[in-house]
Amino acid sequence: MNARAIQILAAVIAFGTAIFCIAPLSAERLVTSVSSHRVLISSNFTGTEVVVFGTIEDDEKAVKRDAPYDVVVTVRGPAETFIARRKERLLGIWVNAESRQFIGVPSYLAVMTTRPANELASPEVLRRNRIGIVNHTLPQRIGADFGDVVPQDPFRVAFLRVKMDQGLFHEEPTGVTFITPRLFRATVPIPGIAPTGNYEVEALLLAGGEILARETTAIEVLKTGFEEFFAHAAREHGFLYGIATAILALGTGLIANFMFRRD
Amino acid sequence: MSIYLPIAELPVNLLLILGLGVAVGFISGMFGIGGGFLMTPLLILVGIPPAVAVANVPSHMAASSMSGALTYWRKRLVDVGLGLVLLSGGLIGTAVGVWVFSILLRLGQLDLAVGLSYVILLGIVGGIMLTESVRAIIRAHQGSPPIVRRPGTHAWFHGLPLKLRFRQSRIYVSAIPITVIGFGIGFFGAIMGIGGGFLLIPALIYLMRVPTTVSVATSLFLTLCTMLLATVLHAVENNTVDIVLALILMIGGVIGAQFGVRAGQAIRAERLRLLLGLLVVGVALRVAIDLVTVPEELFTVVAAGHLK
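As the structure is a prediction and not an experimental result, all values here were calculated from the model.

**Focus on the domain arrangement of chain A**
Residues and elements named next belong to chain A.
Part 1 of the argument: Taken domain by domain, chain A consists of domain 1 (2-223) and domain 2 (224-254).
Part 2 of the argument: Across the contact, six residues belong to domain 1 and six residues belong to domain 2.
Part 3 of the argument: Contributions of two or more residues to the side of domain 1 that touches domain 2 are made by strand S2 (38-41) and strand S14 (210-223).

Have a look at this one:
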């Protein structure tokens, strides 16, 4: 039921997104780009920053807006399933007791906005368009059921807190800055423990609480050379990889013994 | 100076990990033990996930015990017969241990099992070492003769069948208790990320009455074999062996061990046992405190994909 349920869930989310994502007929268009489409993990990788740039362009039918433009940049890492566990005291010892599964949630999530997300639009619009971390659905498996829970759910709150402490979830209410009235930039921090895979970069343009335009691009985080070689070997050829590590240990011991031999 | 661990998928401070390797290597050389019971908690303390720490310490111990075992081998102090009988139990124990390890990992109870095993095993063994060495030191001060090997004394297991003669160790004993000891060492070694030298050496000396140097030499031989197997099994079963982390620990370990051996030779045997006892009890207490104090964060989040 696992894979099937996830597929259905994904289809529902995709359908919902499709309905709400059809950009309203507006005069503006967003053009975005990122400072690099590939984040390469090599042996000295400790995290990096990717800069998202964008411009607001007018169509033929330019209109004069009363409200200022707002921009939301959201970066979502590859979806993954997580297990959250809560410790409880049992006979004086703290042990993992209750646990929940979060299914198909972003392994990385960064939301940068021009001003705090809750000032940008009505709660309804924010939720539909997944503006801000709290407005992302975090489907849990509870027994045989799936579903997102109330925002105050202790597991949901704890999940967000742990992810934010790890630097994998990140929200910056003033993370998008306008360089000129029509040119903006946002800096996306990618921490050293960021998972590898495809990251979706979504930019939303709002004015007066309405979505005017949407544009998506992508970043790929991947291991290179040596790192990729060993990660692949460990994953696909566990036995050979283990033998190689064992031989390395024997060799290191042998060399050390001869180097420091005193008899 | 940071280096990225390709399997653990996190950056670590190279000098910190190398320093840990040297420090633990020093202690392992000094006391003639693998030092896994120190290395695993230290790695967890500096932020390496427990599953990664436990899976990577064995290769470090294989390297340092290889170095030590070679030296004893040249002096012909390894009792190969005794080692092989221990190994027959040790290999099964290691395999069962790695299997139990992956079950505990899936259930989310690995940290608890590792913690409790540390407190119980280290607490008992460290306590025995402390009392025994304090008595020996007091006896030495009073000038009374040290208690010598009593060839006539028999324990209950001497009545068991399958008796074998181990010439190097000067014992004639059933293979059954030796296999059981080997199994226990292999099992706890795989779960706790330790070689078990500090368990095996006292067991051989006090229970089996094997001479001290032969015990140390044979223990290194057994540690080498079980740790090599643990490395391969962890790589196959849990995909948590990080060759970069392992190499840094190994290099630090073998360097530190050389200086430790020299330091150990300068200290009297009962003082050395007292120090080791204090160290073992200290680690047990530290782990015990972590188990009973209120954790800063009650929740943990792990990716399910890492558990297969």
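This is not the end of the story, as more comes after the structure.
**Considering the packing of helix H5 (residues 110-142) of chain B against helix H10 (residues 269-292) of chain B**
Residues and elements named next belong to chain B.
Part 1 of the argument: The N-to-C vectors of H5 and H10 enclose an angle of 150 degrees; their axes lie 7 Å apart at closest approach. The orientation of H5 relative to H10 falls into the category roughly antiparallel. Of the two elements, H5 crosses H10, and the hand of that crossing is left-handed.
Part 2 of the argument: Classifying every residue of the contact of H5 with H10 gives 20 nonpolar, six polar and four charged.

**Points about the nonpolar core**
Part 1 of the argument: Counting 150 residues, the largest nonpolar core has A:Val73 and B:Val280 as its most contacted members.
Part 2 of the argument: With 15 residues, the top contributor of residues to this core is helix H8 (residues 212-237) of chain B.
Part 3 of the argument: Each of domain 1 (2-223) and domain 2 (224-254) of chain A gives at least three residues to this core.
Part 4 of the argument: In this structure, A:Phe82, A:Ile103, A:Leu138 and A:Phe155 belong to the second largest nonpolar core, which totals 10 residues.

**Considerations on helix H9 (residues 243-265) of chain B**
Part 1 of the argument: End to end, H9(B) covers 33 Å across 23 residues, agreeing with the expected 33 Å (1.5 Å per residue, within 8%).
Part 2 of the argument: Counting buried positions over the 23 residues of H9(B) gives 17, a clear majority of the element.

**Quick notes on the interface of chain B and chain A**
Part 1 of the argument: Counting from both sides, the interface comprises 45 residues of chain B and, opposite them, 49 residues of chain A.
Part 2 of the argument: Secondary-structure elements contributing two or more residues to the side of chain B that touches chain A are strand S1 (2-5), strand S2 (10-13), helix H3 (50-74), H8, H9, H10 and strand S5 (299-303) of chain B.
Part 3 of the argument: In terms of residues, the side of chain B that touches chain A owes the most to one element, H3(B), which gives eight residues.
Part 4 of the argument: By the bridge criterion, five bridges tie strand S5 (residues 79-90) of chain A to S5(B) in an arrangement that is antiparallel. Across the sheet, residue A:Arg85 finds its bridge partner in S5(B), namely B:Thr300.

Cut-offs and rules
Residues numbered from 1 in each chain as written. Chains lettered and ligands numbered in written order. Predicted model: local features only at pLDDT ≥ 70, side-chain atom pairs only at ≥ 80, totals over all residues. Domains from an automatic or database assignment. Contact = placed C-beta atoms within 7 Å. Helix = DSSP H or I, 4+ residues; strand = E, 2+ residues; numbered from the N terminus. Axes fitted to C-alpha atoms, helices over the stretch in contact; angles between N-to-C directions. Parallel < 35°, antiparallel > 145°, perpendicular 65-115°, else oblique. Left-handed = near helix turned anticlockwise from the far one by under 90°. Nonpolar A, V, L, I, M, F, W, Y, C, P; charged D, E, K, R; others polar. Core = buried A, V, L, I, M, F, W, Y, C linked by C-beta atoms within 7 Å. Buried ≥ 20, exposed ≤ 12 C-beta atoms within 10 Å, placed from the backbone. Expected span 1.5 Å × (residues − 1). Pairing = 2+ DSSP bridges.

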